[in-house]
Structure formats: structure tokens, C-alpha cells
Amino acid sequence: MDKPTPRINSTLREKYVGKTVRISGKIVSLSGNTAVLTSTDNGQVLVHLNGESQWGTDFVEVIGQVEPDFTIREFKTSNLGNEFDLGLANKVVEFGQKCPEIFE
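First, a word on what this report is: a plain description of the structure on this page. As the structure is a computational prediction, the values presented were derived from the model and not from experiment.

Notes on the packing of aromatic side chains
Now for step 1: For the structure on display, the rule yields one aromatic pair.
Now for step 2: Ring geometry for Phe59 and Phe84: centres 5.8 Å apart, planes at 40°, overall tilted. Of the two residues, Phe59 sits in strand S5 (residues 59–66) while Phe84 sits in the loop between strand S6 (72–81) and helix H1 (86–98), which places them 25 residues apart along the sequence.
Now for step 3: Note on Phe59: relative accessible area 7%, which makes it buried.
Now for step 4: Here Phe84 falls in the partly exposed class, since its relative accessible area comes to 29%.

Regarding the side chain of Thr40
Now for step 1: Examined against the element boundaries, Thr40 turns out to sit in the loop between strand S3 (34–39) and strand S4 (44–48).
Now for step 2: Assessed through its relative accessible area of 6%, Thr40 is described here as buried.
Now for step 3: A polar contact is formed between the side chain of Thr40 and the side chain of Asn90, at a distance of 2.7 Å.
Now for step 4: For Thr40, the contacting residues outside a window of four places in its chain are Asn9, Ser24, Leu86, Ala89, Asn90 and Val93.

Quick word on the environment of Thr11
Now for step 1: Among the secondary structure elements, Thr11 is positioned in the loop between strand S1 (7–8) and strand S2 (20–31).
Now for step 2: In this structure the side chain of Thr11 is engaged in a polar contact, spanning 2.6 Å, whose partner is the side chain of Asp41.

Quick word on the environment of Lys19
Now for step 1: Mapped onto the elements of the fold, Lys19 is located in the loop between S1 and S2.
Now for step 2: Between the C-alpha atoms of Lys19 and Pro6, which are 13 residues apart in sequence, the distance is 9.2 Å.
Now for step 3: Once residues lying within four places of it in the same chain are set aside, the contact partners of Lys19 are Gly64, Gln65 and Val66.

Considerations on H1
Now for step 1: Counted at 1.5 Å a residue, the expected span for H1 with its 13 residues is 18 Å, and the 19 Å between its end C-alpha atoms agrees.
Now for step 2: For H1, every residue scored as buried is listed here: Leu86, Ala89, Asn90, Val93 and Gly96. The buried residues of H1 all sit within an arc of 115° when viewed along its axis, so they share a single face. Among the exposed residues of H1, those pointing more than 90 degrees away from its buried face are Leu88, Lys91 and Lys98.

Definitions and cut-offs
Residues numbered from 1 in each chain as written. Predicted model: local features only at pLDDT ≥ 70, side-chain atom pairs only at ≥ 80, totals over all residues. Heavy atoms only, no water. Phe/Tyr/Trp six-rings, centres within 6.5 Å; stacked < 30°, edge-to-face > 60°. Helix = DSSP H or I, 4+ residues; strand = E, 2+ residues; numbered from the N terminus. Buried < 20%, exposed > 50% of the residue type's maximum accessible area, 1.4 Å probe, protein only. Polar contact = N/O pair within 3.5 Å; in protein donor to acceptor, adjacent residues only side chain to side chain. Contact = heavy atoms within 4.5 Å. Expected span 1.5 Å × (residues − 1). Arc of directions from axis to C-beta.

In C-alpha cells, the structure reads:
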């Protein structure tokens, strides 16, 4: 990505409709062209896959656009491994909201 993108959780999606964001979470289900993640705030998020990703671990970070229905349209995904602290990641999201000049 050419510019920084804000990190969000499931609660913040409505604030970023039409914008590119990063969202981390644990894969709940992966089927066809969609996936469901449990985000860092424990909310569930539906992701529309781009068809090129290789989701290979339990935890991922998705870069994508928030759609009007609050789903995420995936641009790119990074595997984060099978051990990842969602609570700590949510603190980064919260800090980014308090200091957006650092992350956006």
C-alpha cells in the first residue's frame, strides 16, 4: 500500500465505509469466496475474498475496503501464524484511534 491504512476492529467498520483499512482476526470459517473472522474486539466480520489469497494460518490481517454493508472487500491478506494475541492487537487499534496522525 502506498499510504498508511488505519487498523480497525469490528466496531469501527461503520466509521470507515468506502475506505481502505487493516483488520486482524482469527479465521472462524473459510468457504468459497467468503471468510468470517473474529476481530480483535471479538466481533465477527465477513470478508469477501479476492480469489488470490492463500490463507494458511489461524490468524490473518486483511487489507481491504469497508463496504456499505460493513463487510470487507479483501485486497491483500497476511498470515499472522497460529498464535496471536487478539487482545494486544485490539490495544493497538484503540491507540490508533487516539493518535490517528501516527497511523493514518
